[in-house]
Amino acid sequence: MVLGISEFDVEDTLDSMLNDIEAPKAPEKQTEPEIKNAGAENKLEISNWQLLTGRFSGEQIKLINEKGELPLSAKFIPKLFGGYKIVKNWMNIRTGTCILPFGYEVKKNIFGFTVVLPVGSKGLFIKK
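Here the residue numbering is sequential within each chain, running from 1 through the sequence in written order. A pLDDT threshold of at least 70 governs which residues receive local features in this predicted model, and a stricter bar of 80 or more applies before side-chain atom pairs are shown or counted, although totals over entire chains, interfaces and linings include all residues. As a rule here, side-chain values cover all heavy atoms of the structure and leave hydrogens and water aside.

Remarks on the overall build of the protein chain
Each helix and strand counted, the protein chain has four helices and four strands in total. Working definition: helices are DSSP H or I runs of at least four residues, strands are E runs of at least two. Numbering for both runs from the N terminus. Counting from the amino terminus, helix and strand elements in the protein chain follow one another as α-α-α-α-β-β-β-β. Counted over contacts in the protein chain with a minimum sequence separation of 6, partners at least 24 positions apart contribute 35%. When the accessible surface of the protein chain is summed, it comes to about 10400 Å², and 60% of that surface belongs to carbon and sulfur atoms. Contact criterion: two residues are considered in contact whenever any of their non-hydrogen atoms come within 4.5 Å of each other. Computed with a 1.4 Å probe, the accessible areas rest on the Shrake-Rupley method; for each residue, only the protein chains presented here act as cover.

Next comes the structure, spelled out in structure tokens:
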């Protein structure tokens with residue numbers, strides 16, 4: 001007994017204090033089907049034929065500009081005289097990036113081919 005307080009009183013007080021403390025609540029986890037459905041609507045897939053011809057759909061172009069990235073099967077590579085183009089990423093050995101370069105956007109020209117241009121570019125052959 002120290003200063004009139006017994007060991008048993010201290011232990012009882014500590015036990016009651018620990019019992020009063022609430023454990024932090026763990027965040028509720030989503031079920032797997034909800035997670036899969038949430039990513040399905042924004043999943044970008046580009047076929048090999050589209051990468052070879054350079055003709056993407058309007059939805060694919062919209063998703064590239066919104067998300068700012070390509071799937072792993074494609075890359076942005078710099079062209080010889082400036083700018084970028086989208087090519088197939090053969091066995092992941094192409095030099096380039098899957099992230100849309102800063103200051104560029106993807107558009108279609110009047111012939112239906114996909115081009116990577118600086119943001120706000122206008123021209124005779126570019127669709128609005």
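From this point on, the discussion continues.
Things to note about unusual backbone geometry
Backbone geometry at M91 places phi at a positive 50°, although glycine is not the residue there. Along the chain, the position of M91 falls in the loop between β2 (84-88) and β3 (104-108). Residue class for M91 comes out exposed when judged on its relative accessible area of 74%. One non-glycine residue, N92, lies in positive phi territory at about 60°. Locating N92 in the fold gives a position in the loop between β2 and β3. Using a 1.4 Å probe on the protein chains alone, a residue whose accessible area is under 20% of its type maximum counts as buried, one over 50% counts as exposed, and one in between counts as partly exposed.

Section: the nonpolar core
Within the largest apolar cluster, 14 residues are counted, with the highest numbers of intra-cluster contacts made by I46, F56, I64, L70, F76, I86 and V106. Breaking this core down by element, the ones donating at least two residues are α4 (58-67) and β1 (74-78). No other element matches α4, which puts three residues into this core. Setting aside its immediate chain neighbours within four residues, I86 contacts L51, F56, L70, A74, K75, F76, V106, T114 and V116. By convention a nonpolar core is built from buried Ala, Val, Leu, Ile, Met, Phe, Trp, Tyr and Cys residues, the set being connected through side-chain atoms within 4.5 Å.

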